[in-house]
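# Analysis of the macromolecular model
The residues making up each chain are set out below.
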Amino acid sequence: MSDEVRVRYAPSPTGLQHIGGVRTALFNYLFARSKGGKFILRLEDTDRTRFDEAYVKNLYDTMSWLGLEWDEGGDKGGEFGPYVQSERFDLYKKYAEELVAKGEAYYCFCDAERLERIRKIQTENKMAPGYDRHCRMLTPEEVQEQRASGKPHVIRLKVPLEGETEFHDYLLGDIKWKNEDISPDPVLLKSDGFPTYHLANIVDDHFMRITHVLRAQEWIPSTPLHVQMYRAFGWEHPEFCHLPMVNGKDGQKLSKRHGATSVNEFRARGYLPEAIINYVAMLGCSYIDGKDLYTLQELCTHFKIEHLNKSPAVFDYKKLEWYNGQYIRSLSDEELYVRTLPFITGTGDAALAVNESDEFPAPHVGPHYSGIALGSDGEPVCVDESMHMTSSDVKAALMQLMPLIKERVHYLTDSAEMVRFLFTEPAVPPIAEIVPKKLDEAQTKAVLESAKEFVKKIERMSHDDAENLARETAENLGVKLGDFMMPIRMAVTGSRISPPLIGSIVILGIERSLARIEKTLAAFG
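Note that this is a predicted model, so its numbers are computed, not measured. (Residues numbered from 1 in each chain as written. Predicted model: local features only at pLDDT ≥ 70, side-chain atom pairs only at ≥ 80, totals over all residues. Heavy atoms only, no water.)

## Points about the overall build of the chain
The number of helices and strands found in the chain is 21 helices and 14 strands. Over its C-alpha atoms the chain spans a radius of gyration of 31 Å, topping by over 25% the 24 Å that the globule rule assigns to 525 residues. Taking as baseline every contact in the chain between residues at least 6 positions apart, the subset at least 24 positions apart corresponds to 74%. Carbon and sulfur atoms make up 50% of the accessible area of the chain, which amounts to about 24,900 Å² in all. Side chains of the chain carry 63 positive and 79 negative charges; the gap between the two charge centres is 3 Å. (Helix = DSSP H or I, 4+ residues; strand = E, 2+ residues; numbered from the N terminus. Rg over C-alpha atoms; globule rule 2.2 N^0.38 Å. Contact = heavy atoms within 4.5 Å. Areas by Shrake-Rupley, 256 points an atom, 1.4 Å probe, with all protein chains shown as cover. Lys, Arg positive; Asp, Glu negative; His and termini not counted. Charge placed at Lys NZ, Arg CZ, Asp CG, Glu CD.)

Listed below in structure tokens is the structure:
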């Protein structure tokens, strides 16, 4: 076994990358970096019925978006390639045949009809499922005769009929498994020459010199079989570490019913990769007491495999929301502009598909909500031509808004509705929505009348002075500050969702703000 730590992330490109896979990739990545080792990206693409090149692209896009650089595999190649299983079939066939020659595997000529009869008998008699080892008993002459006739066959591993298989898990300690409980003589090489997952996995890990296998605990039942295969080949197996599962708050394995699970959906819903990385790294692992926020480099420095937890981790979307907000607020105004622009214009990540439901509705992004589209030159344009705004005007206004929305957005998707008031003339909301719960129409109308003088005065005031004036005006009217500000917000922005009001009025302009207040007052009659 190599002294250099070598780990791999080896997904099957049969679906979009999901958060559970990302955690496996991340822990492998952090472990490799913490030990100065290598992180290998390998494609296990032997399942051709569900394979799709789009999923391969999604894998590379996801890893790049998260900032997880691999050392070998993918477009980087490496001395132990190829790193795609479908390009290694000759190797798998060679070593499956080698096991037969060593007496550790055998040819099986049972057809699908016979296997189905066995399955039915086992089901009807409540017997343990699995192959009945019929062809394990064939004589060399019978095998030769069947092969000479050209009868299709597979190659099966000879699993010991008694005894135990023991292995050490880095996290869970020593694990013993009765050999009679291992899947009886599983197929290694199929009749079409395709390897099964188990054969390809072991051969690849051996020849790519993988030293540690970090994978989810759901793979524990397969590990005794893998250990037996290493024994049969006469190879040393890597160290195993089975990572705790990731569950929803209901204790069940994380799935779509809990919310976003594919990385694409997290992207489409306005999460930052830094927040995903930081939060996922904390799922089932501890770092420094009292510290929550880590850069990827800091996680690499402080990751220790012995700090992993044995029990399942619970995925808390509210906690992830907190992380997302923290990272959004750490961005510069220019960075926030770049990150929010796709959601404001409905392009890039905002165009990725989401699993829409009543509980998890589609985010409000794009020109319909923001009033801004992306021009052919890649610059933002105001959809409403009557606003008479150039691309430069739009970008300048958005840049003015960035420090205001930064404190209010939880997700990048929140930005579209927050900027809309600057780029479209809002309709006057229904009176019932403008009137605060503790005021009536007459009081609300009085607030809006007073708001005209308030707006005129704040143009050259500091933010603190303007806030003090708002409090003073509210007190003079005998209303609470929130009940004073809400009708003004509804009149000026047309929505309860907006950046801080005083800053919004200043950016919109006193004249336009007053015009909207007058228009709203007219609706009161």
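Next comes the rest of the write-up.
## Concerning the side chain of arginine 23
Within the secondary structure, arginine 23 is located in helix H1 (residues 19-34). Put simply, arginine 23 is tucked away with no salt bridge, and the nearest opposite charge, on glutamate 218, sits 9.3 Å away. Of note is the side chain of arginine 23, whose polar atom sits 2.8 Å from the backbone oxygen of leucine 283. Discounting chain neighbours no more than four positions away, the residues touching arginine 23 are Leu243, Pro244, Met245, Val246, Val280, Leu283, Gly284 and Ala313. (Buried < 20%, exposed > 50% of the residue type's maximum accessible area, 1.4 Å probe, protein only. Salt bridge = Lys/Arg side-chain N within 4 Å of Asp/Glu carboxyl O. Polar contact = N/O pair within 3.5 Å; in protein donor to acceptor, adjacent residues only side chain to side chain.)

## Structural notes on the pairing of strand S6 (residues 164-169)
What you see with S6 is a clean split: Thr165, Phe167 and Asp169 sit on the buried side and Glu164, Glu166 and His168 on the side with no burial. Note: S6 against strand S7 (residues 173-178), 6 bridges, orientation antiparallel. Note that in S7 the partner of phenylalanine 167 across the bridge is isoleucine 175. Counting the residues between successive antiparallel strands, the hairpin from S6 to S7 contains 3 residues. (Pairing = 2+ DSSP bridges.)

## Concerning the sheet that holds strand S8 (residues 187-189)
One open sheet accounts for 3 strands, arranged S4-S5-S8; its pairing is antiparallel. If you trace the sheet from one side to the other, it starts and ends with strand S4 (105-108) and S8, each paired once. Averaged over all neighbouring strand pairs, the angle between strand axes comes to 45°, with direction disregarded. Across 4 bridges, the pairing between S4 and strand S5 (residues 154-157) is antiparallel. What sits directly across from tyrosine 106, in S5, is arginine 156. (Axes fitted to C-alpha atoms, helices over the stretch in contact; angles between N-to-C directions.)

## Brief notes about the sheet that holds strand S2 (residues 38-41)
With respect to topology, 3 strands assemble into an open sheet ordered S1-S2-S3, the strand pairing being parallel. Since the sheet does not close on itself, it has two edges, and those belong to strand S1 (6-9) and strand S3 (72-73), each with one partner. Bridge count for S2 against S3 is 2 bridges, and the pairing is parallel. Among the inter-strand pairings, isoleucine 40 is bridged to a residue of S3, identified as glutamate 72. In the packing of helix H2 (residues 53-66) onto the sheet, contacts are made with S1 and S2, and the angle to S2 comes to roughly 150°.

## Quick word on the packing of aromatic side chains
Scanning the entire structure with this criterion turns up 23 aromatic pairs. Centroid distance phenylalanine 89 to tyrosine 92: 6.3 Å. Interplanar angle 50°. Geometry classified as tilted. On the criterion of helical spacing, the pair formed by phenylalanine 89 and tyrosine 92 is a turn pair, its members being 3 residues apart in helix H3 (residues 89-101). Each member of the pair, phenylalanine 89 as well as tyrosine 92, is classed as buried. The interplanar angle of 65° and the centroid separation of 4.6 Å between the aromatic rings of phenylalanine 89 and phenylalanine 194 together place this pair among those described as edge-to-face. Highlighted residues: phenylalanine 89 in helix H3 and phenylalanine 194 in the loop between S8 and helix H6 (197-207), separated in sequence by 105 residues. An aromatic cluster is defined as three or more aromatic residues linked by ring pairs; in this entry it consists of Phe266, Tyr271, Tyr279, Phe315, Tyr317, Trp322, Tyr323 and Tyr411. Over the aromatic face of tryptophan 70 sits the side chain of lysine 76, whose NZ or CZ is 5.8 Å from the ring centroid. (Phe/Tyr/Trp six-rings, centres within 6.5 Å; stacked < 30°, edge-to-face > 60°. Lys NZ or Arg CZ within 6 Å of the ring centre and 35° of its normal.)

## A short note on the pairing of S1
Burial of S1 is two-sided: the residues Arg6 and Arg8 facing one way and the residues Val7 and Tyr9 facing the other way are all buried. Sheet analysis places S1 next to S2, joined by 4 bridges and oriented parallel. Within the sheet, the bridge partner assigned to tyrosine 9 lies in S2 and is leucine 41. Crossover handedness for the path S1 to H1 to S2: right-handed. (Right-handed = clockwise from strand over helix to strand, strands pointing away.)

## Considering the packing of helix H19 (residues 481-493) against helix H20 (residues 501-508)
Packed helices, taken two at a time, are described by the angle between their axes plus the distance between the axes. The interhelical angle for the contact between H19 and H20, taken along N-to-C directions, is 35°, at an axis separation of 11 Å. Note that H19 runs across H20; the crossing there is left-handed. Two secondary-structure elements touch here, H19 through Met485, Ile488, Arg489 and Val492 and H20 through Leu501, Ile502, Ile505 and Leu508. Taken together, the residues that form the contact of H19 with H20 break down as 7 nonpolar, no polar and 1 charged. (Left-handed = near helix turned anticlockwise from the far one by under 90°. Nonpolar A, V, L, I, M, F, W, Y, C, P; charged D, E, K, R; others polar.)

## So, the environment of serine 450
Of note, serine 450 is situated in helix H17 (residues 441-458). Sequence spacing of serine 450 and lysine 249 is 201 residues, and the spatial spacing of their C-alpha atoms is 49 Å. Contacts of serine 450, omitting those with residues within four sequence positions, involve Thr473 and Leu477.

## Some points on unusual backbone geometry
Going from glycine 81 to proline 82, the amide bond is cis rather than trans, its omega being 0°. As for its position among the elements, proline 82 is in the loop between S3 and H3. Phi at arginine 133 takes a positive value of approximately 65°, unusual for a residue other than glycine. Within the secondary structure, arginine 133 is located in the loop between helix H4 (112-124) and helix H5 (140-148).

## With respect to the pattern of salt bridges
Across all of its chains, the model carries 33 salt bridges by this definition. Of the charged contacts in the structure, one is a salt bridge between arginine 117 and glutamate 113, with a shortest N-O distance of 3.8 Å. Here arginine 117 and its partner glutamate 113 are both found in helix H4, 4 residues apart, which amounts to about one turn of the helix. For arginine 117, a relative accessible area of 44% gives the class partly exposed. Across the salt bridge formed by glutamate 449 and lysine 452, the nearest N and O atoms sit 3.0 Å from each other. Of this pair, glutamate 449 and lysine 452 both sit in helix H17, separated by 3 residues, roughly a single helical turn. A single network of salt bridges, built from pairs that share partners, joins Arg8, Arg42, Glu44, Arg88, Asp204 and Asp205.

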